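Coordinate inspection notes
Next come the chains, spelled out residue by residue.
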Amino acid sequence: MTLELPLIPKPGEVFLAVELTAVQNMTVAQTLKLLEDMGYNPSLRYRQFSDGRVCIYALLKHDFVNPEILQNSDYLGVQLDALAEVIKPTDAITSPRGISSAKTPAIV
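Notes on the structure in this doc start here. Model, not experiment: these values are computed from the prediction. (Residues numbered from 1 in each chain as written. Predicted model: local features only at pLDDT ≥ 70, side-chain atom pairs only at ≥ 80, totals over all residues. Heavy atoms only, no water.)

1. Looking at the packing of aromatic side chains
Applying the stated criterion across every chain yields a total of zero aromatic pairs. Lying across the ring of F49, R53 places its NZ or CZ 4.1 Å from the centre. (Phe/Tyr/Trp six-rings, centres within 6.5 Å; stacked < 30°, edge-to-face > 60°. Lys NZ or Arg CZ within 6 Å of the ring centre and 35° of its normal.)

Next comes the structure, spelled out in structure tokens:
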């Protein structure tokens with residue numbers, strides 16, 4: 001098991017994580033306790049960037065889902081909304097999904 005959180009997920013791979021180093025309204029300990037109280041079992045992950053910067057994450061979910069389902073669903077939407085109510089700023093919450101960002105226009 002690797003402790004590094006990938007920047008780009010594989011097709012169908014979904015992460016739900018909170019960047020502990022970016023949360024401003026709580027300490028790391030308070031954030032981890034809150035996540036546990038919400039029913040998560042956070043595991044620590046990191047990302048090291050080419051400039052030497054390191055970010056620490058609490059990984060909450062790591063799933064593999066059919067990429068076609070991800071295209072048209074609000075996968076993890078309820079969890080994201082619940083986290084957004086308590087984690088500030090909300091951009092400390094990350095949920096990369098392994099889906100193509102190129103959307104095909106709907107034919108009408």
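2. Overview of the pattern of salt bridges
Evaluation of the coordinates by the stated rule reveals three salt bridges. Of the charged contacts, one joins D37 and K33 as a salt bridge, the two residues approaching to 3.0 Å between their closest N and O atoms. Of the two residues, D37 and K33 both sit in helix α1 (residues 28–37), four residues apart, roughly one turn of that helix. Under the relative-accessibility criterion, D37 is labelled exposed at 53%. The shortest N-O distance in the salt bridge between D63 and K61 comes to 4.0 Å. (Salt bridge = Lys/Arg side-chain N within 4 Å of Asp/Glu carboxyl O. Helix = DSSP H or I, 4+ residues; strand = E, 2+ residues; numbered from the N terminus. Buried < 20%, exposed > 50% of the residue type's maximum accessible area, 1.4 Å probe, protein only.)

3. Looking at unusual backbone geometry
Cis geometry is adopted by the peptide bond preceding P89, which originates at K88 and carries an omega value of -5 degrees. If you trace the backbone, P89 turns up in the loop between α3 (77–86) and β4 (93–94).

4. Focus on the environment of V18
Considering the arrangement of structural elements, one finds V18 in strand β1 (residues 13–19). In this structure V18 comes out as buried when scored by relative accessible area, which is 0%. Note: C-alpha distance between V18 and P42 (24 residues apart in sequence) is 9.2 Å.

5. Let's talk about the pairing of strand β3 (residues 54–64)
In terms of strand pairing, β1 meets β3 through seven bridges, oriented antiparallel. For V14, the partnering residue across the bridge sits in β3 and is D63. Across six bridges, the pairing between strand β2 (residues 43–48) and β3 is antiparallel. The residue of β3 that forms the bridge with R45 is Y57. Where β2 folds back onto β3 in an antiparallel hairpin, the turn is made up of five residues, including G52, whose phi is positive at roughly 95 degrees. (Pairing = 2+ DSSP bridges.)

So yeah, pure geometry; function would need other evidence.
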